[in-house]
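Chain by chain, the residues:
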Amino acid sequence: NAGVTQTPKFQVLKTGQSMTLQCAQDMNHNSMYWYRQDPGMGLRLIYYSASEGTTDKGEVPNGYNVSRLNKREFSLRLESAAPSQTSVYFCASSEEISGNTIYFGEGSWLTVV
Amino acid sequence: SQQGEEDPQALSIQEGENATMNCSYKTSINNLQWYRQNSGRGLVHLILIRSNEREKHSGRLRVTLDTSKKSSSLLITASRAADTASYFCATVSIQGAQKLVFGQGTRLTINP
């Protein structure tokens with residue numbers, strides 16, 4: 001039981017490049033999330049998927065797209081990376097959207113130069 | 001803006017002392033949760049307290065919730081060097097999509 005697994009762990013991108021962060025959970029959770037964490041800003045929700053087949057914007061969705069590929073997988077795509085997207089990205093999941101405990105992955109460190 | 005705001009932003013104490021962190025929030029909540037993050041790692045859930053609860057314990061952790069003041073506190077008793085981490089409160093509003101909203105965290109350092 002690996003919990004929430006996200007890849008890659010580290011990535012350096014040039015401005016304008018695109019990339020996809022992959023996330024998978026093996027806990028049969030319905031809801032999945034992508035957060036970004038910046039110094040002094042705490043965690044901010046980018047997008048979430050309350051259940052398979054649905055996705056919704058969070059607090060800071062601009063510049064990102066997501067895909068809930070199936071119940072297990074939720075990917076985050078940067079179409080044209082910008083230096084402002086340099087951050088640590090966390091994928092997470094929970095049984096349901098309604099305030100359950102959230103389980104986090106180990107994070108992906110992204111640098112855009 | 002963030003729903004939860006932790007206070008203090010940083011706390012440094014000696015091993016064996018108690019550590020208290022506070023969280024204030026703005027809107028009515030369904031529940032409030034505390035998470036811990038070790039440096040370079042993901043967040044780990046510590047404890048959840050529902051809006052109709054006033055106090056909850058888990059090992060050396062004690063959480064209180066005062067809905068009239070819209071605040072919560074996390075107490076770690078008999079602190080250990082391994083408790084060094086950042087601690088975040090997260091709230092679930094009773095209105096709108098019930099997503100967790102995190103505060104900025106308290107950086108706790110336990111000095112041996």
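Here, every reference points to the structure presented above.
Residues numbered from 1 in each chain as written. Chains lettered and ligands numbered in written order. Predicted model: local features only at pLDDT ≥ 70, side-chain atom pairs only at ≥ 80, totals over all residues. Heavy atoms only, no water.

Chemist: Help me understand the overall build of chain A, please; the structure alone is not making it clear to me.
Modeler: Secondary structure assignment for chain A yields 0 helices and 11 strands. Ordered by position in the sequence, the α and β elements of chain A form the string β-β-β-β-β-β-β-β-β-β-β. In terms of C-alpha radius of gyration, chain A reaches 13 Å, essentially the compact-globule figure of 13 Å for 113 residues. Seen along its three principal axes, the alpha-carbon backbone of chain A occupies a region of about 35 × 25 × 25 Å. Here chain A, with 113 residues, has 47% of them falling under the buried criterion. For chain A, the computed accessible surface area is about 5000 Å², with 48% contributed by carbon and sulfur atoms. One way to put it: in chain A the 9 positive side-chain charges average out to a point 8 Å from where the 10 negative ones average out. (Helix = DSSP H or I, 4+ residues; strand = E, 2+ residues; numbered from the N terminus. Rg over C-alpha atoms; globule rule 2.2 N^0.38 Å. Buried < 20%, exposed > 50% of the residue type's maximum accessible area, 1.4 Å probe, protein only. Areas by Shrake-Rupley, 256 points an atom, 1.4 Å probe, with all protein chains shown as cover. Lys, Arg positive; Asp, Glu negative; His and termini not counted. Charge placed at Lys NZ, Arg CZ, Asp CG, Glu CD.)

Chemist: Any chance you could explain the layout of surface pockets here in plain terms?
Modeler: Summary: where empty space remains is shown by rolling a probe the size of a single water molecule over the atoms. Estimates place the volume of the largest pocket at around 280 Å³. Lining the largest pocket are 17 residues, with Gln37, Asp38, Pro39 and Gly40 of chain A together with Gln37 of chain B positioned closest to its centre. Tallied by class, the residues present in the lining of the largest pocket amount to 3 nonpolar, 12 polar and 2 charged. (1 Å grid on protein atoms, 1.4 Å probe; cavity = no way out; pocket = protein on both sides within 12 Å on 5 of 7 lines; lining within 4 Å. Points joined across faces, edges and corners; volume = space filled by probe spheres on them. Nonpolar A, V, L, I, M, F, W, Y, C, P; charged D, E, K, R; others polar.)

Chemist: Explanation requested: the interface of chain B and chain A in the structure shown.
Modeler: Interfaces are often sized by the amount of accessible area the parts lose when they come together. Each side of the interface is counted separately: chain B has 21 residues, and chain A has 22 residues. Carbon and sulfur atoms supply 52% of the area buried between chain B and chain A, which totals about 1600 Å² over both sides. Viewed at the interface, chain A and chain B are joined by 1 salt bridge. Among the salt bridges present, the one from glutamate 106 of chain A reaches arginine 41 of chain B, with a minimum N-O distance of 2.3 Å. Linking chain B with chain A are 6 residue pairs in polar contact (both at pLDDT 80 or more). (Contact = heavy atoms within 4.5 Å. Buried area = accessible area lost by both parts, 1.4 Å probe. Salt bridge = Lys/Arg side-chain N within 4 Å of Asp/Glu carboxyl O. Polar contact = N/O pair within 3.5 Å; in protein donor to acceptor, adjacent residues only side chain to side chain.)

Chemist: Hey, could you run me through the nonpolar core in this one?
Modeler: Soluble globular proteins tend to bury their nonpolar side chains together. Ranked by size, the top nonpolar core spans 20 residues in total, and within it Met21, Leu32, Trp34, Leu74, Ile76, Tyr87 and Leu108 of chain B carry the most contacts. Mapped by element, the contributors of at least two residues to this core are strand 3 (19–24), strand 4 (29–37), strand 5 (43–50), strand 7 (61–66), strand 8 (71–76), strand 9 (85–93) and strand 11 (106–111) of chain B. In this structure, Leu13, Leu21, Tyr47 and Leu78 of chain A belong to the second largest nonpolar core, which totals 19 residues. (Core = buried A, V, L, I, M, F, W, Y, C linked by side-chain atoms within 4.5 Å.)

Chemist: Looking at this structure, I do not really get the pattern of salt bridges. What am I missing?
Modeler: All names here are of chain A. Under the criterion given, the structure shown has 8 salt bridges over all chains. When the shortest N-O distance is used, the salt bridge between aspartate 38 and arginine 36 registers 2.9 Å. Exposure class is identical for aspartate 38 and arginine 36. Each is buried. Residues aspartate 38 and arginine 44 are paired through a salt bridge, measuring 2.9 Å at the closest nitrogen-oxygen approach. Among the residues examined, aspartate 38 registers a relative accessible area of 11% and is labelled buried. The network of salt bridges with common partners includes Arg36, Asp38 and Arg44.

Chemist: Looking at this structure, I do not really get the sheet that holds strand 6 (residues 55–58) of chain B. What am I missing?
Modeler: Within a sheet, adjacent strands bond to each other through the backbone by hydrogen bonds, running parallel or antiparallel. Residue and element names in this part refer to chain B. As summarised here, the arrangement of the 5 strands in space is 1-3-8-7-6, forming an open sheet in which the pairing is antiparallel. Both edges of this open sheet fall to strand 1 (5–7) and strand 6, since each of them pairs with a single strand only. Averaged over all adjacent pairs, the angle separating strand axes in this sheet is 20°, with direction ignored. Where strand 7 meets strand 8, 6 bridges bridge the pair, whose relative direction is antiparallel. When the bridges of strand 8 are listed, threonine 64 appears paired with serine 73. (Pairing = 2+ DSSP bridges. Axes fitted to C-alpha atoms, helices over the stretch in contact; angles between N-to-C directions.)

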